[in-house]
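Listed below are the residues making up each chain.
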Amino acid sequence: MSILFISGSPSHLPSRSGALADYGGSRVRAVSVTTERLSVLDIPADDLVNVRRQSEAAATLRQAVVRSDAIVIATPIYNASVPGGLKALLDLLPQRALHGKIVLPLASGGSAGHQLAIEYSLKPVLSALGGRHVLAGVFACEHDVEWRPDTPADPLLLEALTGRLDEATDLLLTLLGVPLVDRRSQPNGAALQGLPGASTSIPLRPSNRERCSA
Ligand SMILES: Cc1cc2nc3c(=O)[nH]c(=O)nc-3n(C[C@H](O)[C@H](O)[C@H](O)COP(=O)(O)O)c2cc1C
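Computed from a prediction, not measured in an experiment: that's the story for all the values here.

(A) Quick peek at the pattern of salt bridges. For the structure on display, the rule yields ten salt bridges. Residue Arg27 pairs with Asp166 through a salt bridge whose shortest N-O separation is 3.2 Å. Of this pair, Arg27 sits in helix H1 (residues 16-29) while Asp166 sits in helix H6 (residues 159-175), placing them 139 residues apart in sequence. Classification of Asp166 as buried rests on a relative accessible area of 6%. Measuring nitrogen to oxygen at the nearest pair gives 3.3 Å for the salt bridge that ties Lys123 to Glu119. Highlighted residues: Lys123 and Glu119, both in helix H5 (residues 117-128), separated by four residues, approximately one helical turn. Note on Lys123: relative accessible area 17%, which makes it buried. When its relative accessible area of 38% is taken as the criterion, Glu119 is described as partly exposed. Sharing partners across several salt bridges, the network here consists of Arg27, Asp166 and Asp170.

(B) Focus on the site of the ligand. In the vicinity of the ligand lie 16 residues, with Ser9, Ser15, Ser17, Ile77 and His114 positioned nearest. Ser17 is positioned with one of its side-chain polar atoms (N or O) 2.5 Å from an oxygen atom of the ligand. Contacts to the ligand include Ala80, whose backbone N or O atom sits 2.8 Å from an oxygen atom. With the chains in place, 73% of the 640 Å² that the ligand exposes on its own is no longer accessible.

(C) Structural detail: the nonpolar core. Grouped together as the largest cluster of nonpolar side chains are 33 residues, with contacts concentrated most on Ile6, Ile43, Leu61, Ile73, Leu89, Leu90 and Leu122. Going through the elements one at a time, strand E1 (2-7), helix H3 (56-67), strand E3 (70-76), helix H4 (84-91), strand E4 (102-109), H5 and strand E6 (138-141) are the ones with two or more residues in this core. In this view, Ile73 contacts Ile6, Leu86, Leu90, Val103, Leu104, Pro105, Leu106, Leu122 and Leu126; residues no more than four positions away in its chain are not counted. Membership of the second largest hydrophobic core comes to 29 residues, among which are Ile3, Leu135, Ala140 and Leu172.

What counts, and where the lines are drawn
Residues numbered from 1 in each chain as written. Predicted model: local features only at pLDDT ≥ 70, side-chain atom pairs only at ≥ 80, totals over all residues. Heavy atoms only, no water. Salt bridge = Lys/Arg side-chain N within 4 Å of Asp/Glu carboxyl O. Helix = DSSP H or I, 4+ residues; strand = E, 2+ residues; numbered from the N terminus. Buried < 20%, exposed > 50% of the residue type's maximum accessible area, 1.4 Å probe, protein only. Near = heavy atom within 4 Å. Polar contact = N/O pair within 3.5 Å; in protein donor to acceptor, adjacent residues only side chain to side chain. Areas by Shrake-Rupley, 256 points an atom, 1.4 Å probe, with all protein chains shown as cover. Core = buried A, V, L, I, M, F, W, Y, C linked by side-chain atoms within 4.5 Å. Contact = heavy atoms within 4.5 Å.

Spatial relationships are all this shows, so hold off on functional conclusions.
Rendered as structure tokens:
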């Protein structure tokens, strides 16, 4: 069982949408599901801009999609849509590449006003690629994911956000037929750390600003 995580952030700084993917990745690896990760930054800009479907990078992407049972797409919102680089990456895939795949979109944006951008800008593209099992996405605002200045590689996720990420990834695992470990009695972080295969632990920040995490 394998889940491919695609990051659509072109940012070279620590990525908020990437932090959502990392959290989801930790959760699924905790139940022994294999993960692969591919970023828009892994594909040469020339291949993206010129839609070079014959390129090595496009072949690598295609093979990763074929190998996967499900795909998690984590993206920032740019100008009320997904970044052009992510759209260009998806344009490298053949028609119906997502047929039979379960897809979970994750997004981060500066404004809760754009949390529907996944619905109107990403989901139609996934549908055009044959995706018929696209789950409700999880959207995070800037303040839902923060970094301490001294540990920039170590994101802090708002608890309300991790709750929604847990629900979304658990649904994904259930649809894949993966038995879930009962983690309800423990705080998320502690549960993740206690499970075999949990490779990273992401500290949780107490909820004090929930406006983006309804
Ligand atoms: C060029 C650009 C355009 C953006 N446009 C929007 C927007 O329309 N709506 C929004 O909510 N956030 C917008 N943002 C903010 C990003 O979505 C937000 O910072 C996101 O968390 C970045 O994710 P990342 O760290 O994974 O790259 C924009 C950011 C950039 C750089």
